[in-house]
Structures are given as structure tokens and as C-alpha cells.
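Fold and geometry: a report
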Amino acid sequence: MPDPPLGRVLRDPSGRPIGVLGFFGILNWWLKLPQPTFEQELESTASFFRELNRLGLTTVGDTAGGGLTWPDHKLGSIEPGKLADMIVLTADYLTAPVDRIRDLRSVLTIVGGKPVYGELEYAALVKR
């Protein structure tokens, strides 16, 4: 018995076929997984982009495609009329030496587009 396209026939030590290993077995397994709802897919995508944003990797993509990612057009870039959860740190954590990251602190924290914590020149932004 020859090997099928995209696969391989598994044989016991005597050469008798005992199974098939291949792409279609993986595809069949994947198709049996529970499929997420549209809302679950949307939340998963939103969560993925929030994590990329946290790492500073999607600024350009969000500015160009925020409306594609967030259906309510309230997130995706920093501009008037949009919501933002963000912090301003004492230094850039992406370029700070690893042993100094623990020393970084927030001087401004914004949640839902509203400043909730500020110090130094940002203190006046927080309504008390």
C-alpha cells in the first residue's frame, strides 16, 4: 500500500498497515473542536489587539484600522471622542534595561478615557 498524498501509512514491525498519519487527520481533529460564536471571536480578537497594544506593536495598524477591529469606533487610537485605557510611565519600558523595569512607575493613569491618577505635571488632570 503506497503512502497517500499529504500523509504516511503507519506500519507495525512486520510491515502490516496499522494506521495513517497525515494532514487530513489533523484537519478532522480540528473540525471536531467546538467552534466559537461570533461574539467570542470578536472578544478574542479584541483581547489579542489589547495585548499587542500593551506591547506597543499595533499603533500604526490601529490608527489605520481601528474601525475594522472595534465595531463601535470608540477604541483603536488616541484622539478626541474615543475611549482609552493607558498609562504614562516615568520611562519607556520597551527600551529600559531589564533590571530597571521594576523601578518604572505611572505618572498618569487613564481608564475609560478619564484620568484617574496623576502626579507631577499630570496631577491637575485628575478631578478630585
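In what follows, the accompanying structure is described.

The rules we used
- Residues numbered from 1 in each chain as written.
- Predicted model: local features only at pLDDT ≥ 70, side-chain atom pairs only at ≥ 80, totals over all residues.
- Heavy atoms only, no water.
- Helix = DSSP H or I, 4+ residues; strand = E, 2+ residues; numbered from the N terminus.
- Contact = heavy atoms within 4.5 Å.
- Areas by Shrake-Rupley, 256 points an atom, 1.4 Å probe, with all protein chains shown as cover.
- Buried < 20%, exposed > 50% of the residue type's maximum accessible area, 1.4 Å probe, protein only.
- Polar contact = N/O pair within 3.5 Å; in protein donor to acceptor, adjacent residues only side chain to side chain.
- Salt bridge = Lys/Arg side-chain N within 4 Å of Asp/Glu carboxyl O.

Considerations on the overall build of the chain
- Secondary structure assignment for the chain yields three helices and five strands.
- The contacts of the chain with a sequence gap of at least 6 include a subset with a gap of at least 24, amounting to 17%.
- Accessible surface, the chain: about 10,100 Å² in total, of which carbon and sulfur atoms supply 64%.

Considerations on the side chain of D12
- Positionally, D12 belongs in the loop between β1 (7–11) and β2 (17–22).
- We classify D12 as buried; its relative accessible area is 16%.
- Only 2.8 Å separates the side chain of D12 from the side chain of S14, close enough to count as a polar contact.
- At a separation of 3.0 Å, a polar atom in the side chain of D12 contacts the main-chain amide nitrogen of R16.

Points about unusual backbone geometry
- Despite not being glycine, L120 has its phi angle at roughly 55 degrees, a positive value.
- Position of L120 among the secondary structure elements: in the segment after β5 (114–118).

Here we look at the pattern of salt bridges
- Using the criterion set out here, one finds three salt bridges in the structure.
- Here R16 and D12 are joined by a salt bridge, their closest N and O atoms 3.2 Å apart.
- On the basis of relative accessibility, which here comes to 55%, the residue R16 falls in the exposed class.
- Among the ionic pairs, R105 bridges to E119, the shortest N-O distance being 2.8 Å. Placement of R105 in the loop between β3 (86–89) and β4 (106–111) and of E119 in the segment after β5 is noted, with a sequence separation of 14 residues between them.
- Given the relative accessible area of 17%, E119 is considered buried.

Any link to function would need more than the numbers given here.
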